[in-house]
There are 2 protein chains.
Amino acid sequence: MDILSSCYLFAGLSTRQIDNLFAISEESSVDQGAWLFYEGDSADKLYFLIEGSIELLTTIDNHIELPIMRLNSSGDCFGTGTLVDPFKYSLSSRCAEKAALVTIDREALEEHKGKDDEFSRILMTNLAKYYLSRLKEARQELKIHFKILFKTMRF
Amino acid sequence: MDILSSCYLFAGLSTRQIDNLFAISEESSVDQGAWLFYEGDSADKLYFLIEGSIELLTTIDNHIELPIMRLNSSGDCFGTGTLVDPFKYSLSSRCAEKAALVTIDREALEEHKGKDDEFSRILMTNLAKYYLSRLKEARQELKIHFKILFKTMRF
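Residues numbered from 1 in each chain as written. Chains lettered and ligands numbered in written order. Predicted model: local features only at pLDDT ≥ 70, side-chain atom pairs only at ≥ 80, totals over all residues. Heavy atoms only, no water.

Our next topic: the interface of chain B and chain A. Contacts between chain B and chain A engage 37 residues on the former and 37 residues on the latter. Between chain B and chain A, the buried area comes to about 3,800 Å², and carbon and sulfur atoms account for 72% of it. It is Arg 139, Lys 143 and His 145 of chain B that lose the most area in chain B upon contact with chain A, and together they represent 15% of the buried surface on that side. Here chain B is connected to chain A by 8 salt bridges. Note that Lys 143 of chain B is salt-bridged to Glu 39 of chain A, the shortest N-O span being 3.9 Å. The interface formed by chain B and chain A contains 10 residue pairs in polar contact (both at pLDDT 80 or more). Secondary-structure elements contributing two or more residues to the side of chain B that touches chain A are β3 (45–60), β4 (64–71) and α4 (117–154) of chain B. For the side of chain B that touches chain A, the element with the most residues is α4 of chain B, which contributes 25 residues. Of the residues assigned to the side of chain B that touches chain A, the class counts are 18 nonpolar, 6 polar and 13 charged. (Contact = heavy atoms within 4.5 Å. Buried area = accessible area lost by both parts, 1.4 Å probe. Salt bridge = Lys/Arg side-chain N within 4 Å of Asp/Glu carboxyl O. Polar contact = N/O pair within 3.5 Å; in protein donor to acceptor, adjacent residues only side chain to side chain. Helix = DSSP H or I, 4+ residues; strand = E, 2+ residues; numbered from the N terminus. Nonpolar A, V, L, I, M, F, W, Y, C, P; charged D, E, K, R; others polar.)

So this is what it looks like as structure tokens:
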């Protein structure tokens, strides 16, 4: 239950609301090198890391891997495409070090959201905040690329 | 009122909910070349375009402008930092062609959100979906830059 309460997605929920989420969660494990999902797959599960390490990545021209993030901390979550229509994973996910995970099924989560507007509001507010911070990071990275491009063009 | 109901942020709201938003909105106009806000400013107003054109941009090293988006369509909205803690604009905004706007103050909107959990849930769900699609676009752009970089390194 601590895993769920330490995740940014659930900040601001009551103990009762976290308890209800815990009741629909499951534990699983995954071996190093195994893929959890691929970019574009139907997003059926939201994942939370207990221990181990998970890579999130995309590919360029379907063969060059571009790492986006590495998750190592207990409570880190991934697969948030599970929360946003059209419910697809926007990155691929591979286990970098044997990992223990908590998962919540999309259908169970949707049912839960339907029953508790306050829960949905808090969850989606936290998610929007997270996406905005990722968007700002991506824009910072783009700025670095543009700076390199401008320098290249100058000489 | 049509302006508000055509904005992606308010998709799924009831006519009553849109009416309530309309009641706290104001109309204003802005001249070509005028700045509406700068990146990092406190986000006090959410903006909706009636007519005209608005540029959203960031700067590299505080002097090179990097255009991010140009809004031309009635119902286009900007300044969504108004909806996300810590309530800062994440881009700068300049009027590209004399524009008529609808604005909603953050405080009035927050009060409104506090009274209607369903409204907040729908609003934040739409916002999260929008940010995710912008994040995917930014990642696509990064992929193009990496491809250019790989080609440059190869020769």
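Under the defined criterion, the tally for this structure stands at 16 aromatic pairs over all chains. Taking 5.0 Å as the distance between ring centres and 15 degrees as the angle between the ring planes, the aromatic pair formed by Tyr 47 of chain A and Phe 78 of chain A counts as stacked. With a gap of 31 residues between them, Tyr 47 of chain A in strand β3 (residues 45–60) and Phe 78 of chain A in strand β5 (residues 77–78) connect regions that are remote in the sequence. Relative to Phe 48 of chain B, the ring of Phe 10 of chain B lies with its centre 5.5 Å away and its plane at 35 degrees, an arrangement referred to as tilted. With a gap of 38 residues between them, Phe 10 of chain B in the loop between α1 (2–5) and α2 (15–23) and Phe 48 of chain B in strand β3 connect regions that are remote in the sequence. (Phe/Tyr/Trp six-rings, centres within 6.5 Å; stacked < 30°, edge-to-face > 60°.)

The next thing to look at is the relation of the copies chain B and chain A. The transformation that overlays chain B on chain A combines an axial shift of 0.0 Å with a rotation of 180 degrees, and the residual RMSD is 0.0 Å. Both chain copies can therefore be described as sitting about a two-fold axis. An overlap of 100% is found between the interface residues of chain B and their copies at the interface of chain A, pointing to a shared contact surface. (Least-squares fit on C-alpha atoms with pLDDT ≥ 70 in both.)

Treat this as a map of the structure, not an account of what it does.
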